[in-house]
Amino acid sequence: MVKMLATIFRTSAGRPQQLSTAVQYNFASLRAFQSSTLNAAIAHPVTAHGPPPKAPSPSPRFEKCTTQQSNTESEPQHRPRKRPTVLKKRFWKDVDVKQKDGGDYQVLLDKRPVRTPSKSVLSIPSTKQHLAQAIALEWDVMNAAQQALKNHTIPLTSLTARAADIAQEDAAGAGAGAGVERVIRTQIVKTAMRYLETDTLLCWVPEQDDAVKDEETQQQETLREAQMRVAKDVIAFLSTKVWPGIDIVPVLDGNSIFPASQSQATKDIIRQWVEGLEAYDLAGLERGILASKSLLVAVRLVTEWSENFCQLQQLSRKRFGIEEAAEASSLEVRWQTDMWGEVEDTHDVDKEDLKRQLGSVIVLVAGVQ
């Protein structure tokens with residue numbers, strides 16, 4: 001190795017350069033290490049008798065440090081763990097529906113009433129006994145209390161709690177005066193008006209030229225024709241019975257990628273109508289909008305089934321139910337899956353989930369007159 005290092009420091013003429021003192025010292029120590037003789041270890045016999053000596057004990061000044069270190073190391077092991085099985089058990093046996101002196105209904109878990117996330121007792125109007133029975137069924141089929149923490153396992157309970165919070169806020173605002181802002185109602189109105197700008201019912205695909213259409217396409221109904229047919233039926237109902245004389249135009253039509261806007265008069269009428277809805281109708285409208293991505297579809301569904309719009313239901317010839325609302329809100333997806341097929345455990349699951357959410361709206365707003 002010394003020869004190799006010496007070769008590295010040679011010049012091109014073959015003469016070694018003058019090495020520094022540190023390098024010469026390293027060469028010398030390396031040479032001395034390689035040339036030193038090896039001495040074998042000598043094992044002496046064990047001559048001690050009796051028990052082994054005691055282990056040495058630490059000095060008093062180190063005992064405190066050792067104790068603190070042992071406590072720190074053992075703390076994670078002896079730290080009390082959370083009890084993960086508390087919510088995995090069902091703490092109630094029976095579920096019952098009770099009416100308080102001919103007034104509102106309550107759902108009882110044994111003797112404890114179901115409460116909203118705001119800790120208030122969930123009260124259901126006397127005209128909605130079917131809603132109370134459905135909520136009781138949701139809690140009766142549970143196997144663990146942990147299931148109550150997920151909204152998709154208790155859709156009617158969460159939706160009714162939302163309506164109860166709106167009603168409670170309205171009552172507090174009415175008692176304090178008209179100047180008090182109703183936060184939940186204001187948020188729902190803003191969401192509804194935002195969905196109106198990109199309503200899925202008013203977004204139509206561009207019209208194709210006749211030269212592009214083949215014979216098979218000309219014989220069957222195109223996607224644009226289906227969208228116009230469903231949209232005009234809903235718009236005709238709303239513009240004659242809900243908002244008479246209102247003008248609703250498609251927000252996405254032709255080849256433009258920028259959505260059009262409704263007139264200011266149309267927006268004002270729709271906003272005032274949404275702001276004046278009863279608490280349960282407003283909560284149902286919110287879920288219908290979020291499920292169908294359409295304000296118009298949600299309005300049509302609420303007015304067809306709410307107990308507060310009986311006069312409009314008598315004027316309607318065709319019932320607008322879950323199937324009609326689901327078709328109107330997912331017409332493009334259905335048209336594409338009919339042509340190309342649907343993905344298993346994706347399109348079919350989304351379809352049933354949409355129907356479940358729209359069905360919860362009907363159960364919430366309906367009542368016994």
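Above this text you will find the structure in question.
Structural notes, computed from the coordinates. (Residues numbered from 1 in each chain as written. Predicted model: local features only at pLDDT ≥ 70, side-chain atom pairs only at ≥ 80, totals over all residues. Heavy atoms only, no water.)

So, on to unusual backbone geometry. Even without being glycine, Lys 293 reaches a positive phi, approximately 60°. Mapped onto the secondary structure, Lys 293 falls in the loop between helix H10 (279-292) and helix H11 (295-305). Lys 293 gets classed as partly exposed once you look at its relative accessible area, which sits at 42%. For Asp 345, which is not a glycine, the phi torsion comes out positive at approximately 65°. Among the secondary structure elements, Asp 345 is positioned in the loop between helix H14 (331-340) and helix H15 (347-365). The class for Asp 345 is exposed, based on a relative accessible area of 58%. (Helix = DSSP H or I, 4+ residues; strand = E, 2+ residues; numbered from the N terminus. Buried < 20%, exposed > 50% of the residue type's maximum accessible area, 1.4 Å probe, protein only.)

This part is about the sheet that holds strand E3 (residues 112-113). With respect to topology, three strands assemble into an open sheet ordered E1-E2-E3, the strand pairing being antiparallel. The sheet is open, and its two edges are formed by strand E1 (95-99) and E3, each paired on a single side. Direction of pairing for E1 relative to strand E2 (residues 105-109): antiparallel, over a ladder of five bridges. Bridging across to E2, Val 97 finds its partner in Val 107. (Pairing = 2+ DSSP bridges.)

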